[in-house]
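A closer look at the structure
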Amino acid sequence: QMQLVESGGGSQKAGGSLRLSCVASGYKYYAGFMAWFRQAPGTEREGVAAIYTGGSATYYTDSVKGRFFISRDAAKNTLYLQMNSLKPEDTAMYYCAASLPTYYRDYDALKKGSYTYWGQGTQVTVSS
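In this report, we go over the structure that sits alongside the text.

Conventions we followed
- Residues numbered from 1 in each chain as written.
- Predicted model: local features only at pLDDT ≥ 70, side-chain atom pairs only at ≥ 80, totals over all residues.
- Heavy atoms only, no water.
- Core = buried A, V, L, I, M, F, W, Y, C linked by side-chain atoms within 4.5 Å.
- Buried < 20%, exposed > 50% of the residue type's maximum accessible area, 1.4 Å probe, protein only.
- Helix = DSSP H or I, 4+ residues; strand = E, 2+ residues; numbered from the N terminus.
- Phe/Tyr/Trp six-rings, centres within 6.5 Å; stacked < 30°, edge-to-face > 60°.
- Disulfide = S-S within 2.5 Å.

**Focus on the nonpolar core**
- Formed by 26 residues in total, the largest nonpolar core has its most connected members in L4, M34, W36, L81, M83 and Y94.
- Mapped by element, the contributors of at least two residues to this core are β3 (18-25), β4 (33-39), β5 (46-52), β7 (68-73), β8 (78-83), β9 (92-98) and β11 (122-127).

Right under this line is the structure:
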């Protein structure tokens, strides 16, 4: 199995930046979809950004396009989410997720049901 551990959450004022990290273990080699989701109280868990780790295809929900950037350092088994120009509505618990290994294909990369492995979450709070 894959284990995922997030870090990097915290508090920022609107307009600030944070970088979230997700360290993956359990696979020597992995090719699949990995993603960041977020969930605010009383809301459904929402896909924020995703990446195919066997290539470079990326996906973003409309509300973060141009502000958030997903990347991966394969040598460190680490997934990142660089969050710039933070807004109060970005406040949520952020979760790292990974699919079962798969080849690149049409995939609902921002749908939570597409993912098998989940981290414990890291809280991001943005104040105005």
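Back to the text.
**A closer look at the packing of aromatic side chains**
- Inspection of every chain in the model, using the stated rule, returns eleven aromatic pairs.
- A ring pair is formed by F33 and Y52, whose centres lie 5.0 Å apart and whose planes are at 55°; its orientation type is tilted. With F33 in strand β4 and Y52 in strand β5, this residue pair connects regions lying 19 residues apart in the sequence. Taken individually, F33 and Y52 each receive the classification buried, so the pair is uniform in this respect.
- Among the aromatic residues, ring-to-ring pairing joins F33, F37, Y52, Y59, Y104, Y107, Y115 and W118 into one connected group.

**Looking at the state of the cysteines**
- The tally for this structure, following the rule as stated, stands at one disulfide.
- Between C22 and C96 runs a disulfide, and the two sulfur atoms are separated by 2.1 Å. Judged by the sign of its S-S torsion, about -75°, the cystine formed by C22 and C96 is left-handed. On the criterion of sequence distance, the pair formed by C22 in strand β3 and C96 in strand β9 is long-range, its members being 74 residues apart. For the residue pair C22 and C96, the accessibility class agrees, reading buried in each case.

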